Amino acid sequence: MADNKKIKTALVSVFHKENLDIIIHKLKELDVKILSTGGTKSFIESLGVEVTSVESLTGYPSILGGRVKTLHPKVFGGILSRRDNQGDVSQLTEYDIPEIDLVIVDLYPFEDTVASGAEEQDIIEKIDIGGISLIRAAAKNFKDVVIVPSQNEYKPLLELLEEKNGETSMADRKWYAGQAFSVSSHYDAAIFSYFNEGGDEGTDRISLNNGQVLRYGENPHQKATFFKFKNSPEEVSLSDAQVLQGKALSYNNMLDADAAWKSASDAYHSVNHIEGKVAVSVIKHLNPCGLAVTGNIMQSLEMAWAGDPISAFGGIICFSEGVTEEIAQWFSKKFVEIIIAPSYTDEALEVFGKKKNLRILAIPVKNEITSEKLYRSISGGMLVQDEDEGMDAKLETVTSKEFGATKESLAKFGITACKHLKSNAIAIVTEGENGSFWLTGAGMGQPNRLDSLRYLTMPRFKMKEGVDIENSVLISDAFFPFRDSIEAANEYGVKYIVEPGGSIRDEEVIEACNEFGIAMAFTGRRHFKH
């Protein structure tokens with residue numbers, strides 16, 4: 001075909017050399033002249049393949065500690081020259097510049113260097129200059145040049161060379177150019193993110209590669225893809241979880257698993273008085289229907305499940321401690337979608353293996369503070385906010401009846417539970433035996449908090465036998481705008497309430513609490529979750 005081009009000269013300058021040897025030998029077989037420099041040139045020579053140094057082409061050595069090697073008109077002229085432009089062709093002849101038909105580049109690993117926690121000077125030296133320039137130049141001139149911008153394209157290049165014996169079509173070259181600009185834009189976005197850390201909040205760069213296409217989205221008729229962010233080694237995220245068995249995770253599975261992992265981790269961090277504490281969360285449609293922290297993994301599981309055993313069917317379970325055979329056997333006659341824990345004994349995995357579709361994920365507890373950003377799309381745009389992390393700084397009694405230090409630890413656990421419920425959210429938490437804490441009532445997702453309290457939270461609480469409402473704590477994710485919720489809470493016998501405060505009717509609400517002998521504490525921090 002008219003647009004087919006034969007590769008005659010290749011420039012090779014890469015960081016990662018794994019699997020490059022096969023390509024080099026293929027280029028030799030196709031009688032392609034190879035230009036190279038530095039470590040790549042030495043690698044090619046070690047293969048017994050003839051290579052011409054870039055320095056002999058340009059007449060200049062590599063200078064400034066290797067910062068300048070390929071930045072020269074004799075290199076970039078050979079890449080950027082338009083083969084159908086007589087003026088370009090004449091200038092190549094005039095200045096003795098060879099045409100370069102193939103450029104193979106693999107950039108310095110900037111992201112990996114940042115993620116390793118290296119010193120700033122080491123990070124700066126991993127900002128590739130020559131390589132990124134070669135990529136852009138070759139991609140711009142895709143009508144005549146093939147650009148291989150990263151080691152991810154080594155394999156398709158080899159297949160192309162073998163299939164077409166060193167010839168490429170316009171469609172081939174354009175595809176590689178697209179890959180090239182994907183690599184260069186992602187690389188620049190990573191560099192910007194490094195320099196913009198703690199900087200301009202009105203500017204961001206998000207670059208997503210290697211997406212995992214999911215079976216479908218929230219519903220079967222919706223398409224969905226999962227993209228993983230690049231995290232530093234000290235940061236752990238659900239995307240780092242190891243899937244040990246089960247079907248592929250769906251869009252909804254990933255959302256629910258993330259909610260389970262975050263709620264269990266936050267509950268674990270919220271409780272400090274229990275030795276050998278274990279947190280367990282049970283999630284259904286992003287909401288904790290069960291949450292408990294005790295000093296025993298089986299007790300935590302049973303209390304979390306008892307939080308709402310009906311909703312727990314088909315739920316997602318997360319443990320803050322490794323799972324044993326005893327725990328695995330507990331699930332033998334129960335249906336759940338996913339189990340998440342830091343580790344599993346071999347015996348536990350053998351038991352779980354009898355349920356082939358059950359997903360088993362291994363991941364440590366989330367850090368208490370991650371500084372992660374949350375991204376949500378709206379029609380025509382995107383919203384970015386900080387993660388709702390950390391404990392509320394204060395618990396201030398605002399009623400005549402003191403809240404009391406004995407209830408503060410329970411209240412902090414309750415605030416954690418409530419902040420993971422969809423607004424408007426009301427939670428009731430109770431202290432069990434041996435100082436254990438559990439979620440005994442939850443109302444969420446209602447357009448007003450009175451309905452959350454009256455029709456969801458309290459009915460779920462009343463289902464539990466032997467649980468004392470007077471010693472439990474009711475938590476609201478936002479302020480009570482009227483005293484009607486306090487009146488409803490009093491009807492059920494609630495004696496302790498925690499809310500952020502901040503309503504223009506706070507005094508009216510406080511007055512109602514004093515009237516009914518209820519202790520109320522303000523936190524000063526709202527926890528809406530939409």
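**Here we look at the pairing of strand β20 (residues 437-443)**
- Buried residues dominate β20, accounting for seven of its seven residues.
- Of the strand pairs in this sheet, strand β12 (residues 287-294) and β20 are connected by two bridges, and their pairing is antiparallel. The residue of β20 that forms the bridge with Ala292 is Trp438.
- The pairing of strand β19 (residues 426-431) with β20 spans six bridges and is classified as antiparallel. Note on β20: the bridge partner recorded for Ala427 is Ala442.
- Where β19 folds back on β20, the antiparallel hairpin that results is connected by five residues, among which Asn434 adopts a positive phi of roughly 55°.

**Focus on the nonpolar core**
- In terms of nonpolar packing, the biggest core is built from 54 residues, with Leu27, Ile79, Leu102, Val103 and Ile104 touching the most fellow members.
- The element best represented in this core is helix α10 (residues 170-195), accounting for eight residues.
- Excluding residues that lie within four positions of it along the chain, Val103 makes contacts with Leu11, Ile79, Leu134, Ala138, Val145, Val146, Ile147 and Val148.
- Counting 51 residues, the second-largest nonpolar core is a separate cluster that includes Ala362, Val467, Phe480 and Ile518.

**Regarding the side chain of Ser320**
- Counting through the fold element by element, Ser320 comes out in the loop between β13 (316-319) and α14 (325-330).
- Residue classification places Ser320 among the buried positions, given a relative accessible area of 11%.
- For Ser320, the side chain forms a polar contact with the main-chain nitrogen of Ala279, separated by 2.8 Å.
- In this structure Ser320 touches Tyr268, Lys277, Val278, Ala279, Pro342 and Val365, once residues within four positions along its chain are discounted.

Cut-offs applied
Residues numbered from 1 in each chain as written. Predicted model: local features only at pLDDT ≥ 70, side-chain atom pairs only at ≥ 80, totals over all residues. Heavy atoms only, no water. Buried < 20%, exposed > 50% of the residue type's maximum accessible area, 1.4 Å probe, protein only. Helix = DSSP H or I, 4+ residues; strand = E, 2+ residues; numbered from the N terminus. Pairing = 2+ DSSP bridges. Core = buried A, V, L, I, M, F, W, Y, C linked by side-chain atoms within 4.5 Å. Contact = heavy atoms within 4.5 Å. Polar contact = N/O pair within 3.5 Å; in protein donor to acceptor, adjacent residues only side chain to side chain.

Geometric descriptors of this kind do not, in isolation, establish any biological role.
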